[in-house]
Amino acid sequence: MKLPKFDYVEPTTALEAVTLLSQSRGLAKVIAGGQSLIPTMALRLAQPALLIDLRHLESLRGIAVDEAGLRLGAMTRWREIQDSAEVLDTHPLLVEAVRHIAHYQIRNRGTVGGSLAHADPAAELPCIAVTCGASIRVLGILGEREILADEFFLGPLATALGDDEIILEVRFPRWPSSRQWGFQEFSRRQGDFALAGVAIFYDTDNSGRLENAHVGVFGVGQCATRLSGVESALNGRTNTISVAAEVARLAAAEVTPSDDLHASARYRRALVAVLLERAMALARGERA
Amino acid sequence: MKTRPQIVGTPLERIEDHRLLTGKARFVDDIHIEGMLHAAIVRSPVAHGLLKGVDTQVARRMPGVHGVFSAEDIARDFGGVVPRIAIRAIRIPELEPIEQWAIATKKVRYVGEPIAVVVADSPAEAEDAADQVTFEIESLEPVTGWRQSAAGTSPLFDLPVTNRAITYTAIKGNARDCQGAYTRKERFRVQRHSGFPMETRGLLAVWESNAQRMTVYGAAKVPFFARRTLAAAMRLPLDAVDMIEVDVGGSFGMRGEFYPEDFLVPFASKRLNRPVKWIEDRRESLLGSNHSREMESELEIVCEANGRVLALRGSVAVDAGAYVRAAGVIPGRFVALMLSGPYDIPNIHVESVLYLTNKAPVGTYRGPGLFEADFFRERLFDCAARDLGIDPVQFRRVNLVEESQMPYRLATLDFPEETDELDSGNYRATLDQCMREFGWQEKIGLQGRLIDGKYNGLAVGCFIDGGAGGLKEHARIELENDGQVTVYVGSASVGQGLVTILTQIAADALQLPVERIRILHGSTTYLKEGVGSGYSRSTVMGGSVVLLAVEELKRRMRDAAAKKLGCSPDEIKFERDLVMTAGEKKLGWEQLGSLGLAAEVEFVNHHHTFAYGAAAAHVAVDPRTGKVDLIDYFTLEDLGRVINPLTARGQAVGAAVQGLGGVFLENLYYDADGQLLSGTLADYMMPTATDFPSVRAEAIGLCPSPHNPLGAKGGGEGGVIPVGGVIVNAIAAALVTMKIDPKELPLTPEALWSLIQSADGRSSV
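Just so it is clear, the structure is predicted and the values come from calculations on it, not from any experiment. (Residues numbered from 1 in each chain as written. Chains lettered and ligands numbered in written order. Predicted model: local features only at pLDDT ≥ 70, side-chain atom pairs only at ≥ 80, totals over all residues. Heavy atoms only, no water.)

Chemist: Mind laying out the overall build of chain A, listing which residues take part and the relevant values?
Modeler: From N to C terminus, chain A includes twelve helices and 14 strands. Taking 2.2 N^0.38 as the reference for a compact globule, 288 residues should give roughly 19 Å; the C-alpha atoms of chain A span a radius of gyration of 19 Å, in line with that estimate. Along the three orthogonal principal directions, the C-alpha set of chain A runs to about 60 × 45 × 30 Å. Considering chain A as a whole, with its 288 residues, one finds that 54% of them fall into the buried category. Long-range contacts, defined as pairs at least 24 residues apart, comprise 61% of the intrachain contacts of chain A with a sequence gap of at least 6. Roughly 12,500 Å² of accessible area belongs to chain A as shown, and the carbon and sulfur atoms make up 50% of that amount. In chain A, which carries 30 positive and 34 negative side-chain charges, the distance between the mean positions of the two groups comes to 6 Å. (Helix = DSSP H or I, 4+ residues; strand = E, 2+ residues; numbered from the N terminus. Rg over C-alpha atoms; globule rule 2.2 N^0.38 Å. Buried < 20%, exposed > 50% of the residue type's maximum accessible area, 1.4 Å probe, protein only. Contact = heavy atoms within 4.5 Å. Areas by Shrake-Rupley, 256 points an atom, 1.4 Å probe, with all protein chains shown as cover. Lys, Arg positive; Asp, Glu negative; His and termini not counted. Charge placed at Lys NZ, Arg CZ, Asp CG, Glu CD.)

This is the structure:
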């Protein structure tokens, strides 16, 4: 489990980083927090010839809140999100999800950009990005572009990121303070990858009917995804125990999990239903 | 006479900890020797196949590489034969053909079996070159379970022709013909898992060609056995080999046994005439270190209507892996020998069959065979009690061995014939105390109740914990010129607090402050002979030999003092701090001059100790996900005499958490091709500090062992033994309305959820 041989550079600008990436012809890997890449290399499942470390790219750091919403630089570490009172105010769902990520040592190093680029189907942030309709700003040798989260994740460990592109930041739309939400995740041990997870939020009209319902799931398919059938079933209804139970059944039918060492598809479907019911209870202000 | 306050029995903080916590520990990987090289092992990626050839040419030319060795290279040095790893405990000639070779020769029999050794300037270069060793393997049908093994379609060895390695039978009375008002037969299964220490295995071998000596750093558990084995394998005189014990980050039975690398690395050092280090990585640890626990039983219980157990009979199939390693037969022996646990069961007939499979060979893991036996027996007891309408606590109480029956004889085992005796104990009193301190009365109202969406369940179970194995231990004691007393002891430290315990025992016996005692242990340089640690033996055997050593030192001091004072040695009395008196005359140790007073002694013991106790659990089950919360767990063990309540409790809590890992999380999962799928710590899930916060433990000294001067009983394993039975019984009690009887470990959330689903299906029909 010793790392294979590789070269290492620390560019100081984003442009320098993408130039190096482009010149490497696919042989280089970008390293941010290294929480997934380094174990992969130690197991020799990846043997990049060059590591391009983004740690000196100041432009990729920082948390910013404005009228448009919340912006997280790609090199923002989980710990910084957890420590930020501003993020808690402006995006409580995100903070709750981050609380479930791995262990504190990993949260000290792991980054927002790293998680998005790695695109683990059981990771929390891709789900929050997809559920909230976030967009991901990337830079390549031909310039910048912005990709909707929904179009960014293509499958397990696969994204729309080009070979010469790096993530600059992720932008979350503004979060109204009256918005109701719930987050639930099921894992074998605290900090493990989720066997299943659910993130929901919605707004309500004057009579308490749901509108703008967003329901995202992770750990139960090729990548994090929204459940449009569940969302349309929720809009216009009220969040009651019976409605929650009804959409939970819909959710179990809508997801497409597969079997692996840790859980069967059947169990994952059942978990999605339970977690959605419990997330709905949380959104109602009850205990899960 | 002024005596010092007794230290044995007090919660002395571990003497080891200051050094460990201030970063002054020295583990084997901390040792760096000038000119040291690093080894990497090429391992079989195939579970079962004919090894047709190993090509090391490309690897030999890789940068930094000093040598690459295959079976052929090794055999050349040993007259055409590759050395094998001898069985350490309980040798019988029939097992010799299935002992493991130090490196695969004509066949590979499990994924991870060594095929070649690469030695290079750095570990990374060694791994780079290991990737370039090529080999041809003609695949054979992999055998991945005991049933397939029994079918015999794919024999692992030419001889023996069957995959049945050996069958042990434990017999008492006449269980086969026993009849009673009630019988029930059940199958139970425990999954393959093991005790993986935080620090993986590793060693540094240093060959000195001038002196023709081999020194190996990183020995653990049984260094003297390792010395004999290595000397024999390398055809060196015994006194040309030394095993040096450094700090060890856990053993749990697995670490310190003799493995292929324990030959391969010293071999490479001798061939290259350079120091060679090898540190096992986590994947290798999971692939190749001793596995354990994988057993399936079919057992029948025979009872009277009042719950009195008349007989236990049936069989246990042990998945023993590809070879019988140094301690490979022990779990299969103990599961049969100790199946009756702390209960008076007059008739027993249990066959334990060790089957060979294409998986890593098994060995001992804390409570070997006993964890499994307890799960089988305690589950069966709860099934029987429920069928008979008897309170499960009462069921246990009427069947526990009574104090008046001590010593109580267990069943007799064959190959070789062996039986054992429970030495002493008040089993009912300990059960009662456990329930009191657990709060059984206060909590029993919750039994089966649905609270906040979770079903609550409680259970209690009883266990025995065999200790003091291995006939002897050795020590040398020296009175130093500065008044310090140094004791060199054959026991080994595997993280259990050995130095603290032995210091306490020596301090009381010598009437010295702990600061004046120095305990040195484990290395073969200290003593001509010794045994080590394992089988919960260090406190009893190491502690007793320390007492003997102190007595012998005092005898010699008395003789010397008598000469000085002109009196008979019998007149000399010891006061505190090694002050001697004879009537009005007084003499300090320093007045004995530098006489170099020293003594070497041996403690011999033919009796095992049996610590025992009870454990209780309160769980809450989420019926919708199958997730189990452990609300409270309490385990109480009578150790005969508690030397240090702090370390005793630490051992018990740690062992209980290991048991919980075995119940809920840990699983060495092989697919049908014999590939280990849980090959990282992300997939092989060990319990972490946050998983089970509510585990309590207490040790008491109620009934001393009659077999050693301390009255102590070995107790390092009792914490793990009852966990499977108690936890699963508590879960079954929580879900009693659904009639759920889990019979297999691990009881993952999904496994439990599936049982609940099928129970729901049953009730709705």
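There's plenty left to go through after this.
Chemist: Describe the domain arrangement of chain A, with residues and values.
Modeler: Residues and elements named next belong to chain A. What the domain assignment reports for chain A is domain 1 (7–53), domain 2 (58–173) and domain 3 (180–283). The distance between the C-alpha centroids of domain 2 and domain 3 comes to 21 Å. Every contact between the two is made by 23 residues of domain 2 and, on the other side, 22 residues of domain 3. Regarding the contact of domain 2 and domain 3, the summed buried area is about 1,900 Å², with carbon and sulfur atoms giving 68% of it. Run the count over domain 2 and domain 3 and you get zero salt bridges. Seen at the junction of domain 2 and domain 3, the total is one residue pair in polar contact (both at pLDDT 80 or more). Residue contributions to the side of domain 2 that touches domain 3 peak at seven residues, all from helix α8 (residues 124–132). In terms of residue class, the side of domain 2 that touches domain 3 is built from 15 nonpolar, four polar and four charged. (Domains from an automatic or database assignment. Buried area = accessible area lost by both parts, 1.4 Å probe. Salt bridge = Lys/Arg side-chain N within 4 Å of Asp/Glu carboxyl O. Polar contact = N/O pair within 3.5 Å; in protein donor to acceptor, adjacent residues only side chain to side chain. Nonpolar A, V, L, I, M, F, W, Y, C, P; charged D, E, K, R; others polar.)

Chemist: Summarise the packing of helix α10 (residues 370–388) of chain B against helix α17 (residues 723–734) of chain B; cite the residues concerned and give the values.
Modeler: Residue and element names in this part refer to chain B. One can describe the packing of α10 onto α17 by two numbers: an axis separation of 7 Å at closest approach and a directional angle of 30°. Between α10 and α17, the interaxial angle falls into the category roughly parallel. As α10 runs across α17, the sense of the crossing is right-handed. Where α10 abuts α17, its residues Phe 371, Asp 374, Phe 375, Glu 378, Arg 379, Asp 382 and Arg 386 lie against Val 723, Gly 724, Gly 725, Val 728, Asn 729 and Ala 732. By residue class, the composition of the contact of α10 with α17 is five nonpolar, three polar and five charged. (Axes fitted to C-alpha atoms, helices over the stretch in contact; angles between N-to-C directions. Parallel < 35°, antiparallel > 145°, perpendicular 65-115°, else oblique. Left-handed = near helix turned anticlockwise from the far one by under 90°.)

Chemist: With reference to specific residues and values, describe the pairing of strand β11 (residues 180–186) of chain A.
Modeler: Residue and element names in this part refer to chain A. With five of seven residues buried, β11 is to be regarded as a mostly interior element. Where β11 and strand β12 (residues 196–204) come together, seven bridges link them in antiparallel fashion. When the sheet's bridge partners are listed, Gln 184 is paired in β12 with Val 198. (Pairing = 2+ DSSP bridges.)

Chemist: Explain the domain arrangement of chain B to me, and be specific about the residues and the numbers.
Modeler: All names here are of chain B. Its domain assignment divides chain B into domain 1 (15–26 + 469–604), domain 2 (33–140 + 195–288), domain 3 (144–194 + 290–415) and domain 4 (423–468 + 609–765). The C-alpha centroid of domain 2 is placed 37 Å from the C-alpha centroid of domain 1. On the side of domain 2, 16 residues touch domain 1, which itself brings 23 residues to the contact. Summing both partners gives a buried area of about 1,500 Å² for domain 1 against domain 2, and 48% of it is carried by carbon and sulfur. Broken down residue by residue, the surface that domain 1 buries against domain 2 is led by Arg 26, Val 494 and Thr 524, which jointly contribute 39%. Between the two partners, domain 1 and domain 2, sit two salt bridges.

Chemist: Help me get a handle on the pairing of strand β30 (residues 695–700) of chain B, residues and values and all.
Modeler: All names here are of chain B. Here strand β29 (residues 628–638) pairs with β30 via six bridges, running parallel. Across the sheet, Phe 634 pairs through a bridge with Arg 696, a residue of β30. A crossover connection joins β29 to the parallel β30 through helix α16 (residues 645–665); in handedness this β-α-β unit is right-handed. (Right-handed = clockwise from strand over helix to strand, strands pointing away.)

Chemist: Kindly report on the sheet that holds strand β21 (residues 472–479) of chain B, identifying the contributing residues and their values.
Modeler: Pairing between the strands of a sheet comes from backbone hydrogen bonds, and it takes one of two forms, parallel or antiparallel. Residues and elements named next belong to chain B. With mixed pairing, the four strands of this open sheet are ordered in space as β23-β22-β21-β27. Sheet topology places β23 (517–521) and β27 (598–604) at the edges, where each strand pairs with a single neighbour. Geometrically, the sheet is characterised by an average inter-axis angle of 20° between neighbouring strands, direction not taken into account. Sheet topology note: the β21/strand β22 (residues 485–489) ladder contains five bridges and is antiparallel. Bridge pairing in β22 links Arg 476 to Tyr 488. Here helix α15 (residues 538–565) sits on the sheet in contact with β21, β22 and β27, set at roughly 140° to β27.

Chemist: Tell me about the pattern of salt bridges, residues and numbers included.
Modeler: A full pass over the atoms with the stated rule returns 85 salt bridges over all chains. Measuring nitrogen to oxygen at the nearest pair gives 2.9 Å for the salt bridge that ties Arg 226 of chain A to Glu 231 of chain A. The partner of Arg 14 of chain B in a salt bridge is Asp 17 of chain B, and the shortest N-O contact between them spans 2.8 Å. The exposure class of Arg 14 of chain B is partly exposed, given its relative accessible area of 23%. Among the charged side chains, a salt-bridge network with shared partners connects Asp 66, Arg 71, Arg 137, Glu 144, Glu 146, Glu 169 and Arg 171 of chain A.

Chemist: Residue-level account of the environment of Gly 566 of chain B, with values.
Modeler: Residues and elements named next belong to chain B. Within the secondary structure, Gly 566 is located in the loop between α15 and β24 (573–574). Among the residues examined, Gly 566 registers a relative accessible area of 63% and is labelled exposed. Along the primary structure Gly 566 and Asp 622 are separated by 56 residues, whereas in three dimensions their C-alpha atoms are 80 Å apart.

Chemist: Explain unusual backbone geometry residue by residue, including any values.
Modeler: Residues and elements named next belong to chain B. In this chain, Met 406 is followed by Pro 407 through a cis amide linkage whose omega measures -10°. Mapping Pro 407 onto the fold places it in the loop between α11 (392–399) and β16 (408–409). Note the cis peptide between Leu 745 and Pro 746, where omega equals -5°. Along the polypeptide, Pro 746 turns up in the loop between α17 and α18 (749–764). Phi is positive for Ser 536, which is not a glycine, with a value near 40°. Within the secondary structure, Ser 536 sits in the loop between β23 and α15.

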